[in-house]
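Here is what each chain is made of, one letter per residue.
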Amino acid sequence: MGVLVDRLGTIEYVIAGTSGAISIPELHRKRIHPGRLQGLRLIHTHLDEEGLSFEDLTDMAKLRLDMIYAIAVRENGTPGLAYGAHLLPAEDTSRIWKVLDPVPTFLIDIPFDAFIRELEDEITRKQTSISPEAGEDRAILIVVRSAVNESTRIDTLEFQSLAAAAGITVLDTVVQKRPRPDPKYVVGKGKLSEIYITALAKDANLLIFDQELTPSQARSITSLVDIRAIDRTQLILDIFARRARTREGKIQVELAQLKYSMSRLVGKNPALSRLAGGIGTRGPGETKLEIDRRRAKERIERLEKETRQIGRKRRLTRTRRNRFGIPVISIIGYTNTGKSTLLNSLTRSRVFTADMPFATLDPSSKRLRFPRDLEVIITDTVGFIRDLPDDLKAAFMATLEELRDARLLLEVIDLTDPHLEYRMQAVDEILKGLDIREKPRLKVFNKSDACEKEIAHDLAQRYGGVVVSAHNRNSLVPLIKRMEAFFLDDRDSGFSSSVRE
Ligand SMILES: Nc1nc2c(ncn2[C@@H]2O[C@H](COP(=O)(O)OP(=O)(O)OP(=O)(O)O)[C@@H](O)[C@H]2O)c(=O)[nH]1
Ligand SMILES: [Mg+2]
């Protein structure tokens, strides 16, 4: 049994549950001021004579209850010890509540009125976080690695910038070293509980895991911590969804999103809060889930049909192109290296470019005439990123498949990137996965205007590439010469074709 009591001592709710748990109803109150408490305290029974559980405490924090008490019920039905706790002012994010020493129920002796007024004043005074805007995603990022080293650092930075690109406020980043991810909670139960406490203290509403979550991990996590948990794939998909402009781009992203969430639409719906839906209850979620699944399936079928049509159209364009024998050069490379800018400079076009990951989702093709009477088609590509999740690869297969037709790949590398060699490896991996690592490839070291000349030329020499600044058309002359030479002169004029192992 549980009761929710307001400041005047009026009982607002009476809750009957099972021997294991009660479920707190949705509290239909206005959103409380960040510094404020709910104005309700929860008093409930524990039949097992145990103290407050982690769930009790996190529920108190989440609902900002004035206080929480668990009263142990003895074998003979009489009240035993009373276990109390209350929230603390925001000072230390690892200590957000205080658990009181248990006392026999009849000896609870708190002048509640004075106590709660004082506590709330102090909480308001020490409130540091500004109240988040509605709809704002405030996340804690979680990275788990068997070894924490330089590449972990680079990956973590990239992960943070991906979150920023999705418009998410990153409150904290947790890097945990463990031999292998916990099969249930990725980070292990203790660590996850700790993270949850931080999340409650910082008013986070999202956990983002750097690695892919299995559907069962996603479920275990959300049932332990009652906060949305997503993984890097979903994060990238979210960025894609924001960027997609054309019909084709939108279809591809939506399809990938649907397929991804379909595999997760099993069992408990994480969208149903434990607090609102009840601990361990089945209930209303079940049927809604079925409807969701059916709708998603229908939508997937429709979108797949549409992709097939688009695929046919693309193939037609390709055959036509091949028939006329116009060679294709594809610009590839890590995201945000300046591929689209280079396409624009080379062909005097105005494809969208921006300083953010995945600015291009709907790649364009442009014609380019060389001085020596040669015409080619240059295509832009979706940017690459390390560990491109399979679901995303599948979504962009249509686009990536065009790379197979390319006679030459221009791999754009960002000279201002302190980790450019690490990124070149990632690009190599992706090309390998697409089975086109052996294609003739020219490395184009871009953004020379923002980098020391010597460094740029050393790199270009080491990798047999060219140095350009896509912002400056004059700097493209050596690149154009190399491309011309590739098509008109000796086929193997110094091109890495392309692996040196
Ligand atoms: N300083 C400098 N910045 C450049 C140069 N070329 C591109 N940029 C900048 O780099 C950023 C990314 O350029 P994009 O052309 O959008 O890069 P992209 O490789 O197409 O990126 P995605 O499509 O997002 O993968 C933009 O802010 C460009 O202005 C250059 O030569 N010098
Ligand atoms: Mg681009």
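Residues numbered from 1 in each chain as written. Chains lettered and ligands numbered in written order. Predicted model: local features only at pLDDT ≥ 70, side-chain atom pairs only at ≥ 80, totals over all residues. Heavy atoms only, no water.

**Brief notes about the coordination of the magnesium ion (ligand 2)**
And step 1. Protein-derived ligands of the magnesium ion (ligand 2) are Ser340 (OG) and Thr360 (OG1), with the metal-ligand distances lying across 1.9 to 2.1 Å. Pair noted here: serine 340 is in helix 10 (residues 339–347) and threonine 360 is in the loop between helix 10 and strand 13 (365–370), with a separation of 20 residues, a long-range link. (Donors = N, O, S within 2.8 Å, 3.2 Å for Na, K, Ca; no water. Helix = DSSP H or I, 4+ residues; strand = E, 2+ residues; numbered from the N terminus.)

**Side note on the sheet that holds strand 11 (residues 228–231)**
And step 1. Pairing is parallel in the open sheet, where four strands are placed in the order 9-8-10-11. Whereas interior strands pair on both sides, the edge strands pair on one side only; in this sheet they are strand 9 (169–177) and strand 11. When strand polarity is set aside, the average angle formed by the axes of neighbouring strands in this sheet is 25°.
And step 2. Here strand 8 (residues 138–145) runs beside strand 9; their pairing, made up of eight bridges, is parallel. Pairing of arginine 138 across the sheet is with threonine 169, part of strand 9.
And step 3. Strand contacts of helix 3 (residues 150–165): strand 8, strand 9 and strand 10 (206–209), with the helix running at about 155° to strand 8, the strand carrying the most contacts. (Pairing = 2+ DSSP bridges. Axes fitted to C-alpha atoms, helices over the stretch in contact; angles between N-to-C directions. Contact = heavy atoms within 4.5 Å.)

**Some details on the site of ligand 1**
And step 1. With respect to spatial proximity, 22 residues lie near ligand 1, and among them Lys339, Thr341, Ala359, Thr360 and Asp449 are the closest.
And step 2. Between an oxygen atom of ligand 1 and a side-chain N or O atom of serine 340, the distance comes to 2.8 Å.
And step 3. Contact distances for ligand 1 include 2.6 Å between an oxygen atom and a backbone N or O atom of alanine 359.
And step 4. With three residues, helix 10 is the single largest residue contributor to the shell around ligand 1.
And step 5. Partitioned by chemical class, the residues of the shell around ligand 1 number six nonpolar, 12 polar and four charged. (Near = heavy atom within 4 Å. Polar contact = N/O pair within 3.5 Å; in protein donor to acceptor, adjacent residues only side chain to side chain. Nonpolar A, V, L, I, M, F, W, Y, C, P; charged D, E, K, R; others polar.)

**Focus: the environment of serine 223**
And step 1. One can find serine 223 in helix 5 (residues 215–225).
And step 2. A relative accessible area of 32% means that serine 223 is categorised as partly exposed.
And step 3. Within polar-contact distance, the side chain of serine 223 engages the backbone oxygen of serine 220 at 3.1 Å. (Buried < 20%, exposed > 50% of the residue type's maximum accessible area, 1.4 Å probe, protein only.)

**Focus: the confidence of the model for the protein chain**
And step 1. The predicted model of the protein chain has a mean per-residue pLDDT of 85, with 89% of residues at 70 or higher.
And step 2. Here residues 267–286 is modelled with pLDDT under 50, and outside its nearest four sequence neighbours on either side it reaches 31 contacts, counting other chains as well. (pLDDT = per-residue confidence, 0-100.)

**Here's the deal with the pairing of strand 8**
And step 1. Most of strand 8 sits out of view: eight of its eight residues are buried.
And step 2. Burial of the side chains of strand 8 extends over both faces: Arg138, Ile140, Ile142 and Val144 are buried on one face and Ala139, Leu141, Val143 and Arg145 on the other.
And step 3. In this fold, strand 8 hands off to helix 3, which returns the chain to strand 9; that crossover is right-handed.
And step 4. Pairing of strand 8 with strand 10 involves four bridges; the strand directions are parallel. The partner of isoleucine 140 across the bridge, within strand 10, is leucine 207. (Right-handed = clockwise from strand over helix to strand, strands pointing away.)

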